[in-house]
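Residues per chain, in single letters:
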Amino acid sequence: AASFSSVARAVVTVGERAGTWSSPFSYSPILLSVSPANHPTPGGSSLLVYGAEFGGSGATVQIRARGTACERSLWVAETSIVCRVPSGGNAAGGGGSVVATVAGVSATLTDAMSYD
């Protein structure tokens, strides 16, 4: 599974001695569902993407709906991202897949959505 790593550091001082502790952590985004699953062809509606390991507040996220990047993607929580479905979208292609990319790591949910 793809993942990214980052380093968190803590400095501990006891008396005159200080030490640094580094502990790597990683996320591997997992997509579970989207809501709503059907959108009007003109787009512009909101799509909620549910899953896990979407990173922390301020994480760089991007959603692609049926092969087209959402107009705007916004991290809500480690388990949800909201995006504005692109106007017009790729109604004829993309196979209904939704792709979430968090800090450069992608996950795909196939047959997740459709347009009217």
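Sequence order as written defines the numbering, with residues in each chain counted from 1. Only residues with pLDDT of at least 70 get local features here, since the model is predicted, and only at 80 or more are side-chain atom pairs given and counted; chain-wide, interface and lining totals rely on the full set of residues. With hydrogens and water excluded, all non-hydrogen atoms of the structure serve as input to the side-chain values.

A. Representation of the side chain of serine 45 in the model. Examined against the element boundaries, serine 45 turns out to sit in the loop between strand E4 (38-39) and strand E5 (46-52). Polar side-chain contacts of serine 45 include one of 2.6 Å to the side chain of histidine 39. A helix here means a DSSP run of H or I that spans at least four residues, while a strand means a run of E at least two residues long, and both kinds are numbered starting from the N terminus. We define a polar contact as two N or O atoms separated by no more than 3.5 Å, with the added condition that, inside protein, one atom must be a possible hydrogen donor and the other a possible acceptor, whereas residues neighbouring each other in sequence contribute only through side-chain atom pairs.

B. The arrangement of the sheet that holds strand E11 (residues 105-109) in detail. Across the sheet, four strands lie side by side as E7-E6-E10-E11; this open sheet has antiparallel pairing. This sheet does not close on itself; its edge strands, each paired only once, are strand E7 (68-69) and E11. For strand E10 (residues 98-102) and E11, the ladder comprises five bridges, and the chain directions are antiparallel. Its bridge partner being in E11, valine 99 is matched across the sheet by threonine 108. Only strands that DSSP links by at least two bridges are regarded as paired with each other.

C. Main features of the environment of threonine 101. Assignment of secondary structure puts threonine 101 in strand E10. Residue classification places threonine 101 among the partly exposed positions, given a relative accessible area of 22%. Note: C-alpha distance between threonine 101 and valine 61 (40 residues apart in sequence) is 5.5 Å. Any two residues whose heavy atoms approach within 4.5 Å are treated as being in contact. Apart from residues no more than four positions distant in its own chain, threonine 101 is found in contact with Thr60, Val61, Gln62 and Ser106. Among the polar contacts listed, one links the side chain of threonine 101 to the side chain of serine 106, at a separation of 2.7 Å. Under the scheme applied here, a residue whose accessible area is under 20% of the maximum for its type counts as buried, over 50% as exposed, and between as partly exposed, the area being computed with a 1.4 Å probe on protein chains only.

D. Inspection of the nonpolar core at higher detail. With 20 residues, the main nonpolar core has Leu47, Val49, Ile63 and Val98 as its most contacted residues. Broken down by secondary-structure element, the contributors of at least two residues to this core are strand E3 (30-35), E5, strand E6 (61-65), strand E9 (80-84), E10 and E11. Discounting residues that sit within four places of it in the chain, valine 98 has contacts with Leu31, Val34, Leu47, Val49, Ile63, Arg64, Ala107, Thr108, Leu109, Ala112 and Met113. Throughout, nonpolar core names a set of buried Ala, Val, Leu, Ile, Met, Phe, Trp, Tyr and Cys residues whose side chains join them through atoms within 4.5 Å.

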